[in-house]
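In case you want the letters, here they are:
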Amino acid sequence: MATASQAPRESAAPWQTHTVFNQAPPLEGVDVFASNLPLVEAVQREGASWVSERASALGRVVGGEPQQSWGTLANENKPVLHTHDRYGNRIDEVEYHPAWHKLMALGVEHELHSLPWTSSEPFAHTARAALYMTAMQAEAGFACPITMTFAVVPALRAQPELAAEWEPLITASTYDPRPIPASEKGSAIAGMWMTEKQGGSDVRANTTAATPLGGGGPGGEYELSGHKWFCSAPMSDLFLVLAQTDEGLSCFLLPRILPDGSRNACHLQRLKDKLGNRSNASAEIELHGALAHMVGEPGRGVRTIIEMVGHTRLDCVIGAAAGMRAGVVGATHHAAHRSAFGKLLIDQPLMRNVLADLCVESEASTALAMRLARAYDDAHADAEAGMDDSDAQLFKRLATAVGKFWACKRAPNHAYEALECLGGNGYVEESGMPRLYREAPLASIWEGSGNVMSLDVLRALTRSPRALEVFVAEVEQARGADARLDAGVQRLKDQFADPATLETRARRVVESMALCLQGSLLVRHAPPAVADAFCASRLAGDGGLEYGTLPADTDFEGIIARSRPQS
Ligand SMILES: Cc1cc2nc3c(=O)[nH]c(=O)nc-3n(C[C@H](O)[C@H](O)[C@H](O)COP(=O)(O)OP(=O)(O)OC[C@H]3O[C@@H](n4cnc5c(N)ncnc54)[C@H](O)[C@@H]3O)c2cc1C
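Note that the structure is a prediction, hence the values are computed from the model and not measured.

Asks: Any chance you could explain the nonpolar core here in plain terms?
Replies: Proteins that are soluble and globular tend to have nonpolar side chains buried together. Grouped together as the largest cluster of nonpolar side chains are 179 residues, with contacts concentrated most on Leu 224, Leu 240, Leu 254 and Met 513. Here the element with the most residues in this core is helix H11 (residues 349-384); it accounts for 16 residues. What Leu 240 contacts, discounting residues up to four positions off in sequence, is Val 152, Ala 155, Leu 156, Gly 191, Met 192, Trp 193, Cys 251, Phe 252, Leu 253, Val 295, Ile 305 and Met 308.

Asks: Honestly, the pairing of strand E1 (residues 80-84) in this entry has me stumped. Any pointers?
Replies: Consecutive side chains of a regular strand alternate in pointing toward one face of the sheet and then the other. By the bridge criterion, four bridges tie E1 to strand E2 (residues 90-95) in an arrangement that is antiparallel. Its bridge partner being in E2, Leu 81 is matched across the sheet by Val 94. From the end of E1 to the start of E2, which pair antiparallel, there are five residues, and Gly 88 there has a positive phi angle of about 95°.

Asks: Before we go on, may I ask you to explain the site of the ligand in this structure?
Replies: Not every one of the 20 residues close to the ligand is listed here, only the nearest: Thr 195, Gly 200, Ser 201, Phe 230 and Ser 232. In the environment of the ligand, a nitrogen atom lies 3.4 Å from a nitrogen or oxygen atom belonging to the side chain of Trp 446. At 3.5 Å from an oxygen atom of the ligand is found a main-chain nitrogen or oxygen belonging to Glu 447. Against a free-state accessible area of 980 Å², the protein chains account for coverage of 67% of the ligand.

Asks: Help me understand the state of the cysteines, please; the structure alone is not making it clear to me.
Replies: Note on terminology: disulfide describes a covalent bond linking the sulfur atoms of two cysteines. For the structure shown, the criterion picks out zero disulfides. Here Cys 231 is not disulfide-linked; the sulfur of Cys 266 is the nearest cysteine sulfur, at 8.9 Å. Take Cys 231: its relative accessible area is 0%, and that puts it in the buried class.

Asks: For this particular structure, what's the right way to read a positive patch on the surface?
Replies: On the surface, Arg 204, Arg 300, Arg 303 and Arg 463 cluster together into a patch of positive charge. Inspection of the secondary structure assignment puts Arg 303 in helix H10 (residues 301-337). The class for Arg 303 is exposed, based on a relative accessible area of 60%.

Asks: Quick question: what am I supposed to make of helix H1 (residues 37-45) here?
Replies: Within an α-helix, residues lying three or four positions from one another point in the same direction, as the helix has 3.6 residues per turn. Among the residues of H1, Pro 38, Leu 39, Val 40, Ala 42 and Val 43 are the ones counted as buried. A positive phi of about 95° marks Gly 47, the residue just after H1.

Asks: I would appreciate a short explanation of the packing of aromatic side chains in the present structure.
Replies: In this description, an aromatic ring pair is defined by two values, namely the gap between the centres and the angle between the planes. Per the stated rule, a full pass over the model turns up six aromatic pairs. Aromatic pair Phe 395 and Phe 471: ring centres 6.0 Å apart, planes at 25°, arrangement stacked. Here Phe 471 lies in helix H16 (residues 466-475) and Phe 395 lies in helix H12 (residues 391-421), a separation of 76 residues in the sequence. Overall, Phe 395 belongs to the buried group, its relative accessible area being 4%. Directly above the aromatic system of Trp 229 lies the positively charged group of Lys 272, at a separation of 3.3 Å from the ring centroid. One cation-aromatic arrangement involves Lys 396 over Tyr 376; the distance from NZ or CZ to the ring centre is 4.8 Å.

Asks: Hey, could you run me through unusual backbone geometry in this one?
Replies: Glycine aside, the phi torsion of most residues is negative, and most peptide linkages are trans. Non-glycine residue Asp 389 carries a positive phi angle of around 55°. Mapped onto the secondary structure, Asp 389 falls in the loop between H11 and H12. One non-glycine residue, Glu 447, adopts positive backbone phi at about 60°. Within the secondary structure, Glu 447 sits in the loop between helix H14 (442-445) and helix H15 (450-463).

Asks: Honestly, the packing of H10 against H11 in this entry has me stumped. Any pointers?
Replies: Geometrically, a packed helix pair is captured by the angle between its two axes and the distance between the axes. At a minimum axis distance of 9 Å, the contact between H10 and H11 shows a crossing angle of 155°. When the axes of H10 and H11 are compared, the pair comes out roughly antiparallel. In the packing of H10 onto H11, the handedness of the crossing is left-handed.

Cut-offs and rules
Residues numbered from 1 in each chain as written. Predicted model: local features only at pLDDT ≥ 70, side-chain atom pairs only at ≥ 80, totals over all residues. Heavy atoms only, no water. Core = buried A, V, L, I, M, F, W, Y, C linked by side-chain atoms within 4.5 Å. Buried < 20%, exposed > 50% of the residue type's maximum accessible area, 1.4 Å probe, protein only. Helix = DSSP H or I, 4+ residues; strand = E, 2+ residues; numbered from the N terminus. Contact = heavy atoms within 4.5 Å. Pairing = 2+ DSSP bridges. Near = heavy atom within 4 Å. Polar contact = N/O pair within 3.5 Å; in protein donor to acceptor, adjacent residues only side chain to side chain. Areas by Shrake-Rupley, 256 points an atom, 1.4 Å probe, with all protein chains shown as cover. Disulfide = S-S within 2.5 Å. Patch = residues over 30% accessible without salt bridge, like charges linked within 9 Å, V, L, I, M, F, W, Y side chains within 5 Å. Salt bridge = Lys/Arg side-chain N within 4 Å of Asp/Glu carboxyl O. Lys, Arg positive; Asp, Glu negative; His and termini not counted. Charge placed at Lys NZ, Arg CZ, Asp CG, Glu CD. Phe/Tyr/Trp six-rings, centres within 6.5 Å; stacked < 30°, edge-to-face > 60°. Lys NZ or Arg CZ within 6 Å of the ring centre and 35° of its normal. Axes fitted to C-alpha atoms, helices over the stretch in contact; angles between N-to-C directions. Parallel < 35°, antiparallel > 145°, perpendicular 65-115°, else oblique. Left-handed = near helix turned anticlockwise from the far one by under 90°.

Printed below as a string of structure tokens:
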């Protein structure tokens, strides 16, 4: 047996056939907030610089252990449904890997679910968006219940006594997954049940029936019977549920555990076997006279729950930008350490074009997401001041639909290109890129798929024609700074000339709106190299259908250096 001093050096081991080289080192110990310059600048620009230190602290946590292991573990060990206990009693429990609970605790303790509802600091939505985007660098699945918990608050406020009871629990910064009444835990996680087998976009086709137990009406108690087809985070403590009453589709608050500690009459039939988002459970559920309280007016369920829907759509935009940022980080890091044909990939002219194009898209999405988050701050401030249909509210309404369509549509192909930058390594699970890729289409489907969002833009414009003026005024803040943007805005205005065909052309119209808004934000706020590449390729047609088709005179190096994480 060899002593320590006699032990062969690894490089001289007799079984060693080769030396491992030309592989990127693990990206560890990075502050994923501070190293994200487009985000850091957006936080300052949109008025929430007070959160920077907090976001940096979170960025260091996420860039450490969680990014390395929690997200991977929570996805590799998918949630398991236990419908019954060993004795045959129904329990309807989903068992998660401990890493899922760690991620949930991370999100709740950093107030990703509550900050705008609890903080007295200015621009708390903007601040929260920065925290959310930072946390999502670890993993996306847990963001779903975090988002729903955040988004339920404004909808719940339609029923003040229910809000008084639940809001303190929902906004508490402790996470407790035990199946006991939320009041005993002092905290609550929220979900939403709208989609049924026969209709998700068209929720008015819901057949779940609500029967009043007393007089019924706002706040009244009902029994719900029927089914729901896509119920994410089914171990949440409360759900907003749509169901039919005599007056029409109405909104209800349904607790999973009743005050006496018994389970509400909701049976989990099975969990979805999903493309991605595997750490998160999504269930099919049947309701057998489940107890619930009406939120808002009877027959006005969509109007009530739309507040929750709107806030989840905001998070879809932030989440899409977060995914693109993760793609940029993975791709640029790899290319900076991997050589091929005698040069680092990051120095190969064509790879530079691909990387710079990915960076531009990511920065455009970040700018859009953060401007949108700021719109929520402005709109809420106006609402508190008693204003209706203010410019900020109109902009928020329209830009949410525009942003949700566009950022979510751009995410999957961005993830795919980022993955390809790693070559074969990118196709292997350990790289994290397959997880990013599988997750990417979800935000576009959830809470309004692509067509539905495009039609929602038209609906918003029909309801408030002034919204278009407000939107264009925002874009035209950059007027005169770039002729390509000005021409794009003119083309956008021209697209409204023929209302008869608007529905058929809705995707193109919304795409133009998104590109003009992103272009305007970059022209006003990003370095000239980024704005120039965006305007040339996305507005002036000097680019192809794939990434890596920016014009040859682009400042590739400058664009990549700005977005690349320094390790
Ligand atoms: C991972 C995941 C988690 C989910 N979690 C939840 C949840 O927690 N709670 C919940 O309630 N739902 C949830 N959903 C469901 C989701 O919100 C719906 O799938 C979505 O709203 C689309 O509804 P649908 O599946 O019924 O598709 P459909 O409504 O049948 O739509 C199919 C396609 O038709 C298009 N379309 C619809 N109407 C029109 C039209 N008028 N013109 C042109 N095109 C149209 C849509 O854009 C879509 O592409 C989840 C979905 C996924 C994938």
